[in-house]
Amino acid sequence: MAAVAPEQSTAGSPGPSRPRQEEPRLRAIARRLRIDRRYMPVVGTFVVLALILVIGGARYENFLSAGVLANLFINNSFLIVLAVGMTFVILTGGIDLSVGAVLALSAVSAAYLLDAGVPAAVVLPAVVLIGSVIGLLIGLMVHVFDVQPFIATLAGMFFARGLCFVIAPESIPITDETFVAIAGWDTWVGGQWRMTSSVVVSLVVVALAFFLLHYTQFGRTVYAIGGGEQSARLMGLPVARTKVLVYVVSGTCAGLGGLLFAMYSRSGYSLTGVAMELDAIAAVVIGGTLLTGGTGFVLGSVLGVLVLGLIQTIITFEGTLSSWWTKIVIGALLLVFVVLQRVLTLRRT
């Protein structure tokens, strides 16, 4: 007598194939939750920013108020613009040490020209153009004469700082009515968040930089040069033009940053912006941009500036600490993020 085959499981009963069908779905969810290594430094910056806000909010009254957070942008609008320009340069694997001096030259030139009676409508674009021209000269030195970016921008720093003292050995106050009106413009968002003209300009610069880096051939070439200049050349990308343009972008941002600083301080002074290029570099690195180039984000650099600003705010709220603690904490953070970058680079290779 033939053996009877065992009954197959029905559709309603749990079959062995069901867990196997769920495995690909679980893997897909895991892949979505996994963070790309490129975003890890930016995530780290965001975590540090959140921790500072939590600690400050728990320790100090009104630390998380809209007024304090709004002042964070107001007081650092010029540094945000500097960091944006520096991001372009570092993404290509370069460096720009001239931005602090160019910022000072722009501010001094604005104060000098306005004091001489030149209309504000002429002064505003002229001082930004000063930064663009210096950036162009540095870019040509780097590309045409194959000068190392460190040396080329160091020369630009000495040149711009020297011009500051030639133009204005002493501080020049700005009293031009049009300029003062533009600098003093503000509006309130939601009745509590104060937005000044400097903040609006800095946010527009961030938006334009984001668009350039992520939605244009110029931005793709910037990333490609940082990933490997020789490979970018073999792909037929406009490497030479892009290398020059990133220094023009950085110089333009430095010129605009000087204008914003002049609006902030209502004066021009030759010693303005000393070592500010180091603050910009620190903000960019803390914001997740690799010093070797090829990886980084403008929004990460903005987060880096906010971290620096919050550290300074905490020192101010504490009241008993020396302002030099700001530099100590920034140095420690910078070291941590550089080590993190090195670890990520080694894993990638």
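Computed from a predicted structure; not experimentally measured.

Draft legend 1. Region of the structure containing the overall build of the protein. Of the regular secondary structure elements, the protein holds 15 helices and four strands. The buried share of the protein, taken over its 349 residues, is 46%. Expressed as a percentage of contacts within the protein between residues at least 6 apart in sequence, the contacts between residues at least 24 apart total 77%. Total accessible area computed for the protein in this model is approximately 18200 Å², and 66% of it derives from carbon and sulfur atoms.

Draft legend 2. Seen up close, the side chain of Ser-106. Note on placement: Ser-106 falls in helix H5 (residues 99-115). If sequence neighbours within four positions are ignored, Ser-106 has contacts with Val-127, Gly-255, Gly-258 and Leu-259.

Draft legend 3. Region of interest: unusual backbone geometry. Positive phi is not limited to glycine here, since Asn-62 has a value of about 70 degrees. Relative to the helices and strands, Asn-62 is located in the loop between helix H2 (40-59) and helix H3 (66-75). According to the relative accessible area criterion, Asn-62 is exposed, its value standing at 53%. Notably, Asp-146 is not glycine yet its phi reads approximately 55 degrees, a positive angle. Along the chain, Asp-146 turns up in the loop between helix H6 (120-143) and helix H7 (149-167). Using a relative accessible area of 63% as the deciding quantity, one classes Asp-146 as exposed.

Cut-offs and rules
- Residues numbered from 1 in each chain as written.
- Predicted model: local features only at pLDDT ≥ 70, side-chain atom pairs only at ≥ 80, totals over all residues.
- Heavy atoms only, no water.
- Helix = DSSP H or I, 4+ residues; strand = E, 2+ residues; numbered from the N terminus.
- Buried < 20%, exposed > 50% of the residue type's maximum accessible area, 1.4 Å probe, protein only.
- Contact = heavy atoms within 4.5 Å.
- Areas by Shrake-Rupley, 256 points an atom, 1.4 Å probe, with all protein chains shown as cover.

By themselves, these figures tell us nothing about what the structure is for.
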